[in-house]
Amino acid sequence: MPDNFRLEEMGEMAGADIPAGPLYTLNCTVNGRALSLEVPPGRRLLSILREDLELTGTKRSCEIGRCGACMVLVDGRPVNACLTMAYQCGGAEITTIEGLGEAGLHPVQRAFLEEGGFQCGYCTPGMVISVVGLLRENPSPAQEDIEEALSGNICRCTGYGGIMRAVNKAIESGVSP
Amino acid sequence: MLLNKESSGSRWRIRPDGQDKVSGKLQYLTDMAAEGMLTGRVLRAQQAHARILSICTEAALAVPGVHAVITHEDVPGLNGFGIALPHQPVFCYDRVRYTGDAIAAVAAENDAIAEYALSLIQVEYEPLPLLEDAEEAMKPEAILLHEEGNVLHHTEYRRGDPDEAFGACAHVVEETYFTPRQMHTYMETEGGLFIPESNGRLTVYSATQHGLMDRRQLSRILALPEEDIRVVSSPIGGSFGGKDELNVQPYGALLALRTRRPVRLHNSRYESVRAGLKRHPMKITMKTGCDSEGQIVAHRVRIISDTGAYATLGAEVLNFATEHVIGPYRIPHVEVEGFAVYTNNGVSGEFRGFGGNQAIFALEGQVDRLAQQLGLDPWELRRRNLRQYGDPGPLGQPIAQTHGAVQVWEALKASPLLRAAEDGGCEGEGSDSQPEGQLPPWIVTGTGAALAMHGAGLGYGIPDPAGGRLSLALDGKIEAVFGYEEFGQGLIATMEQMLVEQFGFAGDDLRIIIGDTDVVPDSGSSTASRSTSMMWMALQRLRPEFTAQLLETAAATTGEPAGELKLGCGGVWKGCSLLISYAQLARGLKEPLVCETKFQYPTTPLQRVGAHFLYTYSAIAVRVELNLLTGRVRITDQYHAVAAGPVANPQGYLGQIEGGSSMAVGFTLSEDAVMTGGAYVTKNMDTYLVPTLIDMNGRIQVEAIEDLPEHDTYGPRGIGEIGSVHLAPAVAAAIFQAVRKRVNKLPVEPELLQETFFTTQKAVGSYAG
């Protein structure tokens, strides 16, 4: 691909993987499984998960780190997979929505299910991941902590009522880290 | 009844699609992949209005890894789409009219190659004058965007003699209201997978709100018989009206048929913004007059609706607005005129509320302004003018009669929010708001309310089919097959709940099939708050026959008398014991037991296109905290009283009202897809501001009024839109109560509400101390 290939507007840059250079050997674990992948160092974690590993529970939406649909846990902390590149994941433990709840549902997932904390469900994996990340840090967060932790997760369907009820239920049920 | 999990008891059910949604296992259509799949991309117009002089695709086609580059020359059938008027070019050839217009499409080995190929397609343009303003576009000297003129649709409605009536009015208010270009912002952007089958058929896995309509449109474009196209349309990551029209489907289908390979498209957010539908920005001018007693006598309305470059359902949205600017009030003298006007601003189309949101903001604003002139409580003024049981609909048409308008008025009157506002104080127990005395001096509060009636169904004169099928399949499952789509609203859950509650089946007995044109009957579209009503009415029709068939088959199989049997969990029961399971019953069958029904959505007999027959009524009160330093508004409390007949699915109902209200909060306070020069300034969700959890951290209470008149046969009314249509005027009223400023433009501009005197008074410092 020629060097002078440029997208016409910055607005269209969202979602672009940085074009190929020398490949990078990414050694990491995804959902507890050790992996070694030869990928361009600038390949986004979102593309690695969805395209290379076919883990489509991590969703593609805004691709600029605003909406939270692609949230995953990297070493236990929630990050936007659309903003994270392969070279930043070396040695990391990555957990996606598919990796939560080894036997059945994680308590946070169960709380979302029972309280109706979702409608179309497209934001749900990212939302659940952010809640799990929050409760790992702080098992009994105040309302302000919840608002801060979920400020990067947009839900267009529920109006957040069901989501707040689910978060409160997860807190009450005492989610273990 | 205040609707919540506790008050719903065992009727609060876990959604059948929930397990897969919370676990991330649910495969959306944009998550799908296929062996040998190519990536499709679309080249959009680089100018908002221009003549196309030439299109050169040779260089793109020569890129290794590119399998096809197609343009208007490669459309075998009609080079156009649009539900009502198929005039939006699949590919432009002589002219582009907005920056979402498609010129070419590419199928390539991967996205990077496709993107590179797009950059090599040379299009020569000759700029044409830009029409950015609907009223400019209506002038005789304006360049024509379409041969038939720049007015897509003109509406008129008149009764009485408004000219004379205004002369006799004691009070008259005149105001012009402006509403924003709201974006649906479904979290899943448009996309899907398109597979050319070995038998010559095409399978389309792509979101829509009416699979059979997509199939019809694609058939025209591809010059393929409808039977050769299968459209699978669920599950969907949100739609809100925005995926009702075709979007990526023509490109995916054409590329797949050309390359004979599966092709996947999935719009980036910016492409979704650029090409996708928006809510019609409207300018609504109203003159409304009443007598000295507060009887509204005359009402004159002019609506200018910016419909953008192509029609889609712009005419139907204007019809809806024309009906809803009259609303639930008895007004003898009315004159409404509306224009849906083509411009080079995107494409406006179908969006939750369908023109009602804009109309109700303006109408309710008028009532509040009249109350102010009269020195009367605005809620009392509504009572004096409110429609009563037996009154015709807004256009004088016969409608299904209920007491809905009065019921919601009364419920709101008795609500803690309005009672607290009357007492001049703050609501006490359980309120999210802080007591007045503890607020910083730059925070002021206000309470406001609004009322709405909102039509459902497509209205008179528009084909609006309904129907469905129940069967006992040979594997023993009870199958419910309907032509609807699940985009999050909970339609599958509602169907399951109705089957469980009405027939006695268990959830596990059921297999619900929707969203696949190869197997579903024509149930009409999943739009216009119609599907719950139509599923309920279909089951009413199917229940006697299907129940009888199952019981008679059970009787024949077991030798027990049918009259002593009943349907239940797992099978047919006699008394308290399970007699025969559905699986055992099915074993004796050679063919499935099938019952099917077909009917039409009920319509008014008045011959006026789009006039509605079934309505949902709702009243809302809100309490706001207004920050005079930032000019920002926070909604601390919402109270919705909704009269929509029986609650079919409590979790779904509550979710629709809460979610609808969140969308209305955005419409009122933060959302506007800003365009200049025909291009979007807001390209993504960093500048297009959808409410977040912090914006929605106030309390929302939903009171569901379920009573219907005894003779009513229409059952549950739609609630998909009603939560989103009347919050804006309630917030405007609350702002007025707080700071005596009238809002006539949405979203509310902080500059309108910001005060500077606090800084000069050093109020910040003194409070902090």
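Residues numbered from 1 in each chain as written. Chains lettered and ligands numbered in written order. Predicted model: local features only at pLDDT ≥ 70, side-chain atom pairs only at ≥ 80, totals over all residues.

Draft legend 1. Representation of the overall build of chain B in the model. Per the secondary structure count, chain B includes 22 helices and 30 strands. At 27 Å, chain B has a C-alpha radius of gyration in line with the 27 Å of a compact globule built from 769 residues. Expressed along its principal axes, the backbone C-alpha trace of chain B runs to roughly 80 × 75 × 60 Å. Sorting the 769 residues of chain B into buried and exposed places 59% on the buried side. Taking the contacts inside chain B whose residues are at least 6 apart along the sequence as the reference set, 81% of them involve residues at least 24 apart. (Helix = DSSP H or I, 4+ residues; strand = E, 2+ residues; numbered from the N terminus. Rg over C-alpha atoms; globule rule 2.2 N^0.38 Å. Buried ≥ 20, exposed ≤ 12 C-beta atoms within 10 Å, placed from the backbone. Contact = placed C-beta atoms within 7 Å.)

Draft legend 2. Representation of the overall build of chain A in the model. Regarding its fold elements, chain A presents five helices and five strands. What you see in chain A, going N to C, is helices and strands ordered as β-β-α-β-β-β-α-α-α-α. The 177 residues of chain A split such that 53% are buried. The long-range share in chain A, meaning contacts at least 24 apart out of those at least 6 apart in sequence, stands at 62%.

Draft legend 3. The arrangement of the sheet that holds strand β5 (residues 93-95) of chain A in detail. Residue and element names in this part refer to chain A. Here we have five strands laid out as an open sheet, ordered β2-β1-β5-β3-β4, and mixed in their pairing. Only two strands of the sheet have a single partner each, and these edge strands are β2 (33-39) and β4 (77-80). When the angles between neighbouring strand axes are averaged without regard to direction, this sheet yields 40°. Note that strand β3 (residues 71-74) and β4 share four bridges and pair antiparallel. What sits directly across from V74, in β4, is R77. Its contacts with the sheet place helix α3 (residues 124-137) against β3 and β4, and it is angled at close to 35° to β3. (Pairing = 2+ DSSP bridges. Axes fitted to C-alpha atoms, helices over the stretch in contact; angles between N-to-C directions.)

Draft legend 4. Layout of the interface of chain B and chain A. Tallying the contact residues gives 49 residues for chain B and 45 residues for chain A. Contributions of two or more residues to the side of chain B that touches chain A are made by α2 (18-22), α4 (111-120), α9 (269-275) and α18 (650-669) of chain B. Take the side of chain B that touches chain A: its biggest share by element is six residues, from α18(B). Among the residues making up the side of chain B that touches chain A, the classes are represented as 17 nonpolar, 23 polar and nine charged. (Nonpolar A, V, L, I, M, F, W, Y, C, P; charged D, E, K, R; others polar.)

Draft legend 5. Representation of the packing of helix α11 (residues 356-374) of chain B against helix α12 (residues 378-385) of chain B in the model. Residues and elements named next belong to chain B. Two numbers describe how α11 lies on α12: the axes approach to 9 Å, and their chain directions differ by 110°. If you check the angle between α11 and α12, you find them roughly perpendicular. On the side of α11, the interface is formed by V367, D368, L370, A371 and L374, while α12 contributes P378, L381 and R382. In the contact of α11 with α12, the residues fall into six nonpolar, no polar and two charged. (Parallel < 35°, antiparallel > 145°, perpendicular 65-115°, else oblique.)

Draft legend 6. Seen up close, the packing of α11(B) against helix α19 (residues 727-739) of chain B. Residues and elements named next belong to chain B. At their nearest, the axes of α11 and α19 sit 8 Å apart, and the two run at 35° to each other. For the element pair α11 and α19, the recorded crossing hand is right-handed. Residues N357, I360, F361, E364, G365 and D368 of α11 form the contact with α19, whose participating residues are A728, P729, A732, A733 and F736. (Left-handed = near helix turned anticlockwise from the far one by under 90°.)

Draft legend 7. Representation of the domain arrangement of chain A in the model. All names here are of chain A. For chain A, the assigned domains read domain 1 (14-99) and domain 2 (107-172). One C-alpha centre belongs to domain 1, the other to domain 2; they are set 22 Å apart. Among the elements that line the side of domain 1 that touches domain 2, the one with the most residues is β3, at three residues. Class assignment for the residues of the side of domain 1 that touches domain 2 results in eight nonpolar, four polar and two charged. (Domains from an automatic or database assignment.)

Draft legend 8. A look at the domain arrangement of chain B. Residues and elements named next belong to chain B. Looking at chain B, the domain boundaries give domain 1 (29-128 + 184-278), domain 2 (282-459 + 608-753) and domain 3 (465-600). One C-alpha centre belongs to domain 1, the other to domain 2; they are set 36 Å apart. In this complex, domain 1 contributes 25 residues to the contact, which on the side of domain 2 involves 27 residues. Listed by contribution, the elements that provide at least two residues to the side of domain 1 that touches domain 2 are α9 and β13 (277-278). Sorting elements by how many residues they give to the side of domain 1 that touches domain 2 places α9 first, with four residues. Residues that form the side of domain 1 that touches domain 2 fall into these classes: nine nonpolar, ten polar and six charged.

Draft legend 9. Local environment of the sheet that holds strand β2 (residues 50-56) of chain B. Residue and element names in this part refer to chain B. Within the open sheet, the three strands sit side by side as β4-β2-β6. Their pairing is antiparallel. The open sheet is flanked by β4 (95-96) and β6 (122-127), the only strands paired with a single partner. Relative to β4, β2 is paired through two bridges, and the arrangement is antiparallel. The residue of β4 that forms the bridge with A50 is V96.

Draft legend 10. Highlighting the nonpolar core. Residue and element names in this part refer to chain B. V106, V408, V642, V731 and I735 are the most contacted members of the largest nonpolar core, which has 288 residues in total. Considering every element that reaches this core, the biggest residue donor is helix α16 (residues 531-558), with ten residues. Beyond its immediate sequence surroundings of up to four residues, V408 is in contact with L451, Y617, S618, A619, A641, V642, A643 and I705. (Core = buried A, V, L, I, M, F, W, Y, C linked by C-beta atoms within 7 Å.)

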